[in-house]
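# A look at the structure
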Amino acid sequence: MPLALLPDRAVVAVTGADASSFLQGLLTCNVETLPGGEARLGALLSPQGKILFDFLVSRAPDGFHLDVARDRVPDLVKRLTLYKLRAQVAVQALPLAVAAGWGGEAPASALRDGRLAALGWRLHAPEGEAPAADADAGTYAAHRIGLGVPEAGVDFAFGDAFPHEALMDQLGGVDFKKGCYVGQEVVSRMQHRGTARTRIVPLIYRDGEAAPSGEPVTAGERTLGQTGSGAGSRGLAMLRIDRLGEALAAGETVLAGGRAVTVEKPGFASFAWPV
């Protein structure tokens, strides 16, 4: 049962009498249906529907906790504070460490990762009191990449990707039945018109070594996209699925950073895939 501390993650608390309605009107996910013990994927978007912040949202005794990239904390606190207006909410960073575990029975205090059961669970503990880890962040990244789950900042840039492109619609991060939220119109239109042509998908490197992030993915004369994170012989890449289909139909070899790869559909995904 590996347990890895994630030093690049932190926790922001949103508390107060209006915390639920406040977040419900801002985030892509549904916080009103969020059960205790679950960490649910969600995001705060720009009005144009691009991901500005993503996080795992969980219930707390006095509101909600947002498990977020540590370097995004100051900007997230500032943005949420600007949105609160007269709402009775408080937004603050908490001195909590974040850990992830998988492959075994979770402790009672753990939060189930709502994105995918195989990802495991999260733990939030006071800094200095975090549980002993037997794995590191790199081991967890390899686990995540092997499952085909993207991570912001390495597989897509903040402010540059739509939720569909980052697979948030496939990982429980968007509720298409809830009311309005920032950027909702754009996301809803992409869903109902089926216009999400770009997706983050897994790569298997045939020579056994993943290319660095940011390398071009090509096939013949076609540019399909670029690589994201990688570990061992597996990686992720944001690709134009329509162009991938054309390349596969033409029998062309897909290259990522000049290295031959096999492109897979994520095992959890339900979107259309070229055959």
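Above this note sits the structure.
Please read all numbers here as calculations on a predicted model, not as lab measurements.

## Description of the environment of G258
Along the polypeptide, G258 turns up in the loop between β14 (254-256) and β15 (259-263). Residue classification places G258 among the exposed residues on the basis of a relative accessible area of 61%. Distance in space between the C-alpha atoms of G258 and G230 is 15 Å, their sequence separation being 28 residues.

## Some thoughts on the sheet that holds strand β9 (residues 121-126)
In spatial order, the strands read β1-β7-β9-β8-β3-β4-β5-β2-β6; together these nine strands make up an open sheet with mixed pairing. Only two strands of the sheet have a single neighbouring strand rather than two, namely β1 (3-5) and β6 (90-94). Taking the axes of each pair of neighbouring strands and ignoring which way they run, one obtains an average angle of 35° across the sheet.

## Topic: the packing of aromatic side chains
In total, this model carries three aromatic pairs according to the counting rule given. When the centroid spacing of 6.5 Å and the interplanar angle of 65° are considered together, the rings of F156 and F158 count as edge-to-face. With relative accessibility at 7%, the residue F156 sits in the buried group. Its relative accessible area of 23% is what places F158 among the partly exposed residues. For the ring pair F271 and W273, a centre distance of 6.4 Å and an interplane angle of 50° mean the geometry is tilted. Judged by its relative accessible area of 21%, W273 is partly exposed. The ring of F271 carries K265 above its face, with NZ or CZ at 5.8 Å from the centroid.

## Focus on the sheet that holds β14
The strand order around the closed barrel formed by six strands is β10-β13-β12-β11-β14-β15, and the pairing between neighbours is antiparallel. Direction aside, the axes of adjacent strands within the sheet are offset by 40° on average. Lying over the sheet, helix α5 (residues 241-249) contacts β10 (198-205), β11 (216-219), β12 (222-231), β13 (234-240), β14 and β15, oriented at roughly 105° with respect to β12.

## Some points on the pattern of salt bridges
Within this structure, the stated rule accounts for 15 salt bridges. Of the charged contacts in the structure, one is a salt bridge between E38 and R112, with a shortest N-O distance of 2.7 Å. Within this pair, whereas E38 is found in strand β3 (residues 38-45), its partner R112 is found in strand β8 (residues 111-113), the two being separated by 74 residues in sequence. Ionic pairing is found between D242 and R197, a salt bridge with its closest N-O pair at 4.0 Å.

Calculation notes
- Residues numbered from 1 in each chain as written.
- Predicted model: local features only at pLDDT ≥ 70, side-chain atom pairs only at ≥ 80, totals over all residues.
- Heavy atoms only, no water.
- Helix = DSSP H or I, 4+ residues; strand = E, 2+ residues; numbered from the N terminus.
- Buried < 20%, exposed > 50% of the residue type's maximum accessible area, 1.4 Å probe, protein only.
- Pairing = 2+ DSSP bridges.
- Axes fitted to C-alpha atoms, helices over the stretch in contact; angles between N-to-C directions.
- Phe/Tyr/Trp six-rings, centres within 6.5 Å; stacked < 30°, edge-to-face > 60°.
- Lys NZ or Arg CZ within 6 Å of the ring centre and 35° of its normal.
- Contact = heavy atoms within 4.5 Å.
- Salt bridge = Lys/Arg side-chain N within 4 Å of Asp/Glu carboxyl O.

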